[in-house]
Amino acid sequence: AENMLWGGRFTGGLDPLMITYNESIHFDRTTYAQDIRGSIAYARANSKIGILTPEEFAAIEKGFQQVLQEWEANTFVIKPGVDEDIHTANERRLGEIIGTGIAGKLHTGRSRNDQVATGMRLWLRDQLRILEEYLVSFLKVITARAKAEINPLMPGYTHLQRAQPIRWSHWLLSYGTAFSGDLERLRQLIPRVNKSPLGAGALVGNAFGIDREAIAKELGFDGIINNSMAAVADRDFIVETLQWASMLMIHISRWAEDLIIYSTAEFGFVRLADAYSTGSSLMPQKKNPDSLELLRGKSGRVFGTMTGLMMSVKGLPSTYNKDLQESWETMLDGVKTTSDSIQIATGVLSTMTIFPEKMLAALSPDMLATDLADYLVRKGVPFRETHHISGRVVALAEKEGMPMDKLSLLQLQGVDSRFGEDVMEVLGSYEASVEKRTVLGGTSKASVQEQIQRLEEMLD
Ligand code: ARG
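Remember, predicted model here, so these are calculated numbers, not experimental data.

Peer 1: So what's going on with the pairing of strand β1 (residues 153-158)? Which residues, and what values?
Peer 2: The pairing of β1 with strand β2 (residues 161-167) spans 6 bridges and is classified as antiparallel. Bridging across to β2, G156 finds its partner in Q164. Between β1 and the antiparallel strand that follows it, β2, lie 2 residues; H159 among them carries a positive phi value of about 55°.

Peer 1: Which residues make up the site of the ligand, and what values do they have?
Peer 2: Every residue near the ligand is listed here: S24, D28, D85, R112, N113, V116, Y320, K322, L324, Q325 and W328. Counting residues per element, the shell around the ligand draws most heavily on helix α7 (residues 112-148), which supplies 3 residues. Here the shell around the ligand is built from residues that sort into 4 nonpolar, 3 polar and 4 charged. Formed jointly, the shell around the ligand draws a minimum of three residues from each of two domains, domain 1 (7-103) and domain 2 (121-192 + 220-361).

Peer 1: Outline the domain arrangement of the protein, supporting the account with residue identities and numerical values.
Peer 2: In terms of domain boundaries, the protein breaks down into domain 1 (7-103), domain 2 (121-192 + 220-361) and domain 3 (365-428). The straight-line distance from the C-alpha centre of domain 1 to that of domain 3 is 78 Å.

Peer 1: Tell me about the environment of I342, and please be specific about residues and values.
Peer 2: In this fold, I342 is placed in helix α13 (residues 327-351). Residue class for I342 comes out buried when judged on the 26 C-beta atoms lying within 10 Å of it. Between the C-alpha atoms of I342 and E457, which are 115 residues apart in sequence, the distance is 20 Å. Beyond its immediate chain neighbours, meaning those up to four positions away, I342 contacts L131, Y134, L135 and F138.

Peer 1: Any details on unusual backbone geometry? Residues and values, ideally.
Peer 2: With a phi angle near 60°, L160 is a residue other than glycine that sits in the positive phi range. For L160, the position within the fold is in the loop between β1 and β2. L160 gets classed as exposed once you count the C-beta atoms within 10 Å, which come to 9. A positive phi angle is found at T319, which is not glycine, with a value near 60°. Counting through the fold element by element, T319 comes out in the loop between α12 (290-313) and α13. C-beta crowding within 10 Å serves as the criterion here: with 18 such atoms nearby, T319 is assigned to the partly exposed category.

Peer 1: Outline the nonpolar core, supporting the account with residue identities and numerical values.
Peer 2: By size, the foremost hydrophobic cluster in this structure holds 91 residues, and its most contacted members are I60 and L124. The greatest single-element share of this core, amounting to 13 residues, is contributed by α7. When residues of this core are assigned to domains, at least three fall in each of domain 1 (7-103) and domain 2 (121-192 + 220-361). The residues touching I60, leaving out its near neighbours within four places in the chain, are A43, L94, I98, I102, A103 and L106. One finds L368, L376, A397 and L407 within the second-largest nonpolar core, a separate group that totals 14 residues.

Reading guide: rules and limits
Residues numbered from 1 in each chain as written. Predicted model: local features only at pLDDT ≥ 70, side-chain atom pairs only at ≥ 80, totals over all residues. Pairing = 2+ DSSP bridges. Helix = DSSP H or I, 4+ residues; strand = E, 2+ residues; numbered from the N terminus. Near = placed C-beta within 6 Å. Nonpolar A, V, L, I, M, F, W, Y, C, P; charged D, E, K, R; others polar. Domains from an automatic or database assignment. Buried ≥ 20, exposed ≤ 12 C-beta atoms within 10 Å, placed from the backbone. Contact = placed C-beta atoms within 7 Å. Core = buried A, V, L, I, M, F, W, Y, C linked by C-beta atoms within 7 Å.

Printed below as a string of structure tokens:
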């Protein structure tokens, strides 16, 4: 342990398992570039307050350019047992390049506690901006399909039982609306992640009067986390990201579940492209919607990262505790799984074939029972009464063993004398039923077009 960066007060060796148990380099190396950027900004701020001479700062900046190139060229050699994390690895290498006399001044007034939170936030805010782009692309596929496929009608379900006719485009936009909520939350989340902890030191704040605002500005942060203790204690930015991701994955999972059902032979509404399906090793005829099942399955994994991290941080005393190192892997895994999932969902949706005639064939006249009740409402009969009358028509059709629309006007009038000739139009057309739902957010064509327009406004 004497060789370690913090080895001054240590005399004994570490348990070998403790060395690997403690080290985080195999995952936090992901942020090598952010760690270097943060260090350069920190060094620049230190040169402004006289801790570093301009020459020393220049040497540090130049040295770090080389360290960065080594990472990028994959020639950076990690020293096992010495480079416990990305911060110690980068500083060790800088010292080898420019000499420890100058490199040893870099960490003045800084702690890995403010350093690590800085690197993580820089990395995460960039990732979230990429996720925002992926989510916008997904929403664009949803709106483009809704536009191109505005006409097909299909059953709308409640309790997974056929309920009322809807447009396929309306189904698409129902998820589009949920995902637009995720986009809205993401856009609110990014500025909260994008705050600078640097200058907080270990917990009490920098003693040399460093300009925290200037560092934040250089690193593209939207301001600083003010209280120094809060700045090093905080992993809310990761918890909140995983909570956001969990909500998104709930929507992706439900969306996938609908499509798994719609892709069965029994429904046959949609067919997945080969690119997103696989076969069975035993049954030659099988084509399985693996992509959708993985999306449904991976949602559980994202919830796991969220709850795992919440459990890790919930009982911690103030400021930095090593438990916080556990936030890394939940962050990396949660972000990757979510990012991959949005892209897969986009691929599935943009390559999927729909079968409007199958959707239409799945509609049945009894799904117009509400329209039949509405017909009498328009003649002034109270809805509670019309609901009952329409129910009796459904029962009659069942008893006669014929679809509701095949009942004669005479049979209908036998149930209620207020049925007139024009009732046959109600029972004869799913299109007419759908087109009556002209309310904002309804399933009529005009309402669907208006929904598309509102969604598109969010995506520019
Ligand atoms: N690898 C550590 C982490 O990810 C860096 C911070 C270590 N700080 C400390 N005081 N031990 O949390």
